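# Structural overview for review
Now for the letters of each chain:
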Amino acid sequence: MKRFFATAFLTFCAGSYAATQHEAHTHGLAELNVAYDAQQLIIELRSPAANLIGFEHEPQNIDQQVEVENLIRSIQAPENYFVVPPSCALNSIDFSSPFTGADDFGRDRPEEEGAHHDEHEHHEEHHEEREEHGHHEHEEEHEGEHGSENHKDIVVSYEWDCADKNLSAIGVNLFRVYPGIEKIDAQWIVSGKQGAKVLTKSSSNLQF
């Protein structure tokens, strides 16, 4: 059941993402997808990196590198972002970093020696490939400050296992943590019902 629900949620998110692709990459705007069924809660956050750290290019100095590292640490503490029912226990976090040198992570993946070895080899191959094309990518990245090649989105997905059969509300603290977020387009599927709401700093909670 959980695997089916997770697959259905990913389909829901993919449909939502495809439906908004015609809209421009908008700083200040983020997207939140929420699903709850069979006592499983999934929340996916999508946001331009500029909303969270103030820039979208590769870190160009130590201060910007620290900003990226702080963001990655913050992402691993969803209790700073969301207020979920006390009966919910965090099960997994999936995050893919758009920045070179910043590690992706998934808390639900087993810590296996072989998996780490493969991942290390993958990062080495990826690094070599970037070195080979680095000059070309550097030129493209600086063609224009607002060019589409500069856009970097942060996408992170959280999954909780909950004891409650129903979900009535979720608190969203993203505006407090990231002042660069001005508006959040939220969509949800909760216990078979769908809904949507535009969240703002003055109205940041979701009621289902």
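All residue numbers here refer to positions counted from 1 along the written sequence of the relevant chain. Given that the model is predicted, a residue must reach a pLDDT of at least 70 before its local features are reported, and side-chain atom pairs must reach 80 or more before they are shown or counted; all residues, however, enter totals for whole chains, interfaces and linings. Computation of side-chain values covers all heavy atoms of the structure but excludes hydrogens and water.

Okay, the environment of Gln 39 next. Only runs of H or I of at least four residues qualify as helices and only runs of E of at least two qualify as strands under DSSP, and these elements are numbered from the N terminus. Following the sequence through the fold, Gln 39 ends up in the loop between strand 1 (29-37) and strand 2 (40-48). The spacing of Gln 39 and Ala 163 is 124 residues in sequence and 6.2 Å in space, taken between C-alpha atoms. Contacts between residues were defined by any pair of non-hydrogen atoms, one from each residue, lying within 4.5 Å. When neighbours within four sequence positions are excluded, Gln 39 is seen to be in contact with Trp 160, Asp 161, Cys 162, Ala 163, Asp 164 and Lys 165. Here Ala 163 takes part through its backbone oxygen, which lies 2.6 Å from a polar atom of the side chain of Gln 39. Here a polar contact is recorded for every N or O atom pair within 3.5 Å, except that within protein the pair must consist of a potential hydrogen donor and a potential acceptor, and residues adjacent in sequence are included only if both atoms are side-chain atoms.

Any helix carries an expected span of 1.5 Å times its number of residues minus one. Across its 14 residues, helix 3 (residues 62-75) extends 20 Å between first and last C-alpha, which sits within 8% of the 20 Å expected from 1.5 Å per residue. In this scheme, a residue with accessible area under 20% of its type's maximum is buried, one over 50% is exposed, and one in between is partly exposed, where area comes from a 1.4 Å probe on protein chains only. All buried positions along helix 3 are accounted for by Gln 64, Val 68, Leu 71, Ile 72, Ser 74 and Ile 75. Buried residues in helix 3, looked at end-on, bunch into an arc of 165°, giving them a common side. The outward face of helix 3, more than 90 degrees from its buried face, is lined by the exposed residues Ile 62, Asp 63 and Arg 73. On its buried side, helix 3 packs onto helix 2 (49-53), strand 4 (89-96), strand 5 (105-106) and strand 6 (153-161). Its side-chain oxygen placed 3.2 Å from the backbone nitrogen of Asp 63, Asn 61 serves as the N-cap of helix 3. The arc refers to the directions leading from the helix axis to the C-beta atoms.

Any Lys or Arg side-chain nitrogen found within 4 Å of a carboxyl oxygen on Asp or Glu counts as a salt bridge. Following the criterion strictly, the structure yields 2 salt bridges and no others. As a salt-bridge pair, Arg 46 and Glu 44 come within 3.1 Å of each other at their nearest N and O atoms. Linking Lys 152 and Glu 58 is a salt bridge whose minimum nitrogen-to-oxygen distance equals 3.8 Å. Placement of the pair is Lys 152 in the loop between helix 4 (113-141) and strand 6 and Glu 58 in the loop between helix 2 and helix 3, with a sequence separation of 94 residues. Residue Lys 152 shares its accessibility class with Glu 58, and that shared class is buried.

The next point concerns the environment of Cys 88. Looking at where Cys 88 falls in the secondary structure, it is placed in the loop between strand 3 (82-83) and strand 4. For the pair Cys 88 and Gln 40, spaced 48 residues apart in the sequence, the C-alpha separation amounts to 8.5 Å. Setting aside its immediate chain neighbours within four residues, Cys 88 contacts Trp 160, Asp 161 and Cys 162.

Another aspect to go through is the environment of Leu 32. Within the secondary structure, Leu 32 sits in strand 1. Through-space distance from the C-alpha of Leu 32 to that of Val 172 is 9.9 Å; in sequence the pair is 140 residues apart. When residues no more than four places from it in sequence are discounted, the contact partners of Leu 32 are Ile 43, Glu 44, Leu 45, Phe 82, Val 172, Leu 174, Ile 184, Asp 185, Ala 186, Gln 187, Leu 199 and Leu 206.

When DSSP locates at least two bridges between a pair of strands, those strands are taken to pair. Taken together, the 2 bridges between strand 3 and strand 7 (residues 169-172) define a ladder with antiparallel strand orientation. Counterpart to Phe 82 in the pairing with strand 7 is Val 172. Relative to strand 10 (residues 205-207), strand 7 runs antiparallel, the two being bridged by 3 bridges. Along strand 10, the bridge assignment pairs Ile 170 with Leu 206.

Turning our attention to the sheet that holds strand 1. Each strand in a sheet pairs with another by means of backbone hydrogen bonds, the pair being arranged parallel or else antiparallel. Ordered in space as 5-4-6-2-1-8-9, the 7 strands form an open sheet in which the pairing is mixed. The open sheet terminates on both sides in strands that have one partner only, identified here as strand 5 and strand 9 (193-199). Of the strand pairs in this sheet, strand 2 and strand 6 are connected by 9 bridges, and their pairing is antiparallel. If you follow Leu 41 over to strand 6, its bridge partner there is Trp 160.

Disulfide: a covalent bond connecting the sulfur atoms of a pair of cysteines. Criterion for a disulfide: a pair of cysteine sulfur atoms within 2.5 Å. Under the definition given, this model contains 1 disulfide. Disulfide pairing places Cys 88 opposite Cys 162 at an S-S distance of 2.0 Å. For the disulfide bridge between Cys 88 and Cys 162, the dihedral angle about the S-S bond is near 110°, and by the sign convention the bridge is right-handed. Of the two residues, Cys 88 is situated in the loop between strand 3 and strand 4 and Cys 162 in the loop between strand 6 and strand 7; the sequence distance between them amounts to 74 residues. Assigned by exposure class, Cys 88 and Cys 162 land together as buried.

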